[in-house]
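Spelled out, the chains give:
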Amino acid sequence: MSAIDDLPPLREVIRQHALSARKSLGQNFLLDLNLTARIARAAGPLEDATVVEVGPGPGGLTRALLALGARHVIAVERDQRALPALEEIAHRYPGRLEVVCTDAQQFDPRPFLGSTRGKIVANLPYNIATQLLIGWLSLEPWPPWYDMMVLMFQREVAERIVARENDEAYGRLGVLANWRAETRILFDISPAAFVPQPQVTSSVVRLIPRSAPETCDRRALEQVAAAAFGQRRKMLRQSLKSLSVDPAKLAAAARVDPTRRAETIPISGFVAMARELTNIRQSN
């Protein structure tokens, strides 16, 4: 008997289905059902929710989401070896689990959602976690099809996501994430909770989309942040030259000294520079 349902313990599921984790797929299976339930609760309430889960593997988090009342879980799993284990969960929770065998980077859940907004809850494969997040934060139009993301990352990546100006981890990812969402690290998970054990601590991050981020063109914002942080030890008057506009004009729009460095500029400053970049390009 497991802690959340009457399905077999995850170690037994992995043994029965020969689900050895594959490094090529970024797999590290979280076997503690108390921890998977804690992640699921962080996305609550779930009773009327449709949840998109990426990389369910043997289904520990899937089971927690369903046991805690998720109305519908769309599990996106690329590894065909995991499908029989997920089908057993679908049988235990009839009509509530839909398994889609595809690459999450190519998956559009909107046809599955109808007129409702979903949640994204996942222990993301480490090797594509950042790319997936950037894709979800770059969706147009905004607000997106989800109203919350509860995601697991390596601790280093989690710190980059929540970082703001003057934080050591502040960079392009922090600018994009905090422009479009409210971000928070909820808790850490020890390497010992996983099979195989990663060499780093993991962190669970919650992102709630802002309904009305400060107005600017997302691509211009990404370009300004990329230029500024691409040479992060240099002053803005030097690092922004790669945009082929006068860095002084961009800095003036943000009301910052062009001798400052990228890590000292708040997100509102990057937004202002992105607006000015767009204005300059449109006037030329």
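Residues numbered from 1 in each chain as written. Predicted model: local features only at pLDDT ≥ 70, side-chain atom pairs only at ≥ 80, totals over all residues. Heavy atoms only, no water.

J.: With reference to specific residues and values, describe empty space enclosed by the protein.
T.: It is a probe the size of a water molecule, rolled over the atoms, that shows where empty space is left. Taken as a whole and judged by the stated rule, the model has one cavity of 30 Å³ or more. Of the voids in this model, the largest cavity is the one considered here, and its volume is about 40 Å³. As for the largest cavity, its lining consists of Leu7, Pro8, Val13, Pro58, Arg63, Ala85, Glu88 and Ile89. Residue contributions to the lining of the largest cavity peak at three residues, all from helix 4 (residues 83-92). The class makeup of the residues in the lining of the largest cavity is six nonpolar, no polar and two charged. (1 Å grid on protein atoms, 1.4 Å probe; cavity = no way out; pocket = protein on both sides within 12 Å on 5 of 7 lines; lining within 4 Å. Points joined across faces, edges and corners; volume = space filled by probe spheres on them. Helix = DSSP H or I, 4+ residues; strand = E, 2+ residues; numbered from the N terminus. Nonpolar A, V, L, I, M, F, W, Y, C, P; charged D, E, K, R; others polar.)

J.: Any details on the sheet that holds strand 6 (residues 146-154)? Residues and values, ideally.
T.: Taken in spatial order, the seven strands line up as 4-3-2-5-6-9-7 in an open sheet, and their pairing is mixed. The open sheet has two edge strands with one neighbour each: strand 4 (97-100) and strand 7 (181-189). Neighbour-to-neighbour, the strand axes of this sheet turn through a mean angle of 20 degrees, independent of strand direction. The pairing of strand 2 (residues 50-54) with strand 3 (residues 72-76) spans five bridges and is classified as parallel. Paired with Val54 across the strands is Val76, a residue of strand 3. Taken strand by strand, helix 2 (residues 33-42) contacts strand 5 (118-123), strand 6, strand 7 and strand 9 (202-209), and its axis lies near 165 degrees from that of strand 7. (Pairing = 2+ DSSP bridges. Axes fitted to C-alpha atoms, helices over the stretch in contact; angles between N-to-C directions. Contact = heavy atoms within 4.5 Å.)

J.: Could you give an account of the packing of aromatic side chains, naming the residues involved and the relevant values?
T.: If you walk through the whole model with that rule in mind, you get six aromatic pairs. Where Trp142 meets Tyr146, the ring centres are 6.3 Å apart and the plane angle is 85 degrees; that geometry is what we call edge-to-face. The pair formed by Trp142 and Tyr146 is uniform in burial state, with each residue classed as buried. With centroids separated by 5.3 Å and ring planes inclined at 85 degrees, the aromatic side chains of Trp145 and Tyr146 adopt a geometry described as edge-to-face. Judged by relative accessible area, which is 1%, Tyr146 ranks as buried. Of the aromatic side chains, those joined through ring pairs into one cluster are Trp142, Trp145 and Tyr146. (Phe/Tyr/Trp six-rings, centres within 6.5 Å; stacked < 30°, edge-to-face > 60°. Buried < 20%, exposed > 50% of the residue type's maximum accessible area, 1.4 Å probe, protein only.)

J.: Quick one: what's the story with the environment of Pro144, residue by residue and with numbers?
T.: With respect to the helices and strands, the residue Pro144 is situated in the loop between helix 6 (129-137) and strand 6. Here Pro144 falls in the buried class, since its relative accessible area comes to 7%. The spatial distance from the C-alpha of Pro144 to the C-alpha of Ala192 is 35 Å, given a sequence separation of 48 residues. When neighbours within four sequence positions are excluded, Pro144 is seen to be in contact with Arg117, Leu139 and Pro209.

J.: Describe the packing of helix 6 against helix 8 (residues 172-180), listing the residues and the values that go with them.
T.: As a packed pair, helix 6 and helix 8 sit with axes 10 Å apart at the nearest point and diverge in direction by 40 degrees. Taken together, helix 6 and helix 8 sit at an angle that is classed as oblique. Where helix 6 crosses over helix 8, the handedness of that crossing is left-handed. Counted together, Thr130, Leu133, Ile134 and Leu137 of helix 6 and Leu173, Leu176, Ala177 and Arg180 of helix 8 form the full contact between these two elements. (Parallel < 35°, antiparallel > 145°, perpendicular 65-115°, else oblique. Left-handed = near helix turned anticlockwise from the far one by under 90°.)

J.: Can you tell me about helix 7 (residues 155-162), naming the residues and giving the values?
T.: Those residues of helix 7 that sit buried are Val157, Ala158 and Ile161. End-on view of helix 7: buried residues confined to an arc of 100 degrees, all on one side of the axis. Among the structural elements, helix 6, strand 6, helix 8, strand 7 and strand 9 are those in contact with the buried residues of helix 7. (Arc of directions from axis to C-beta.)

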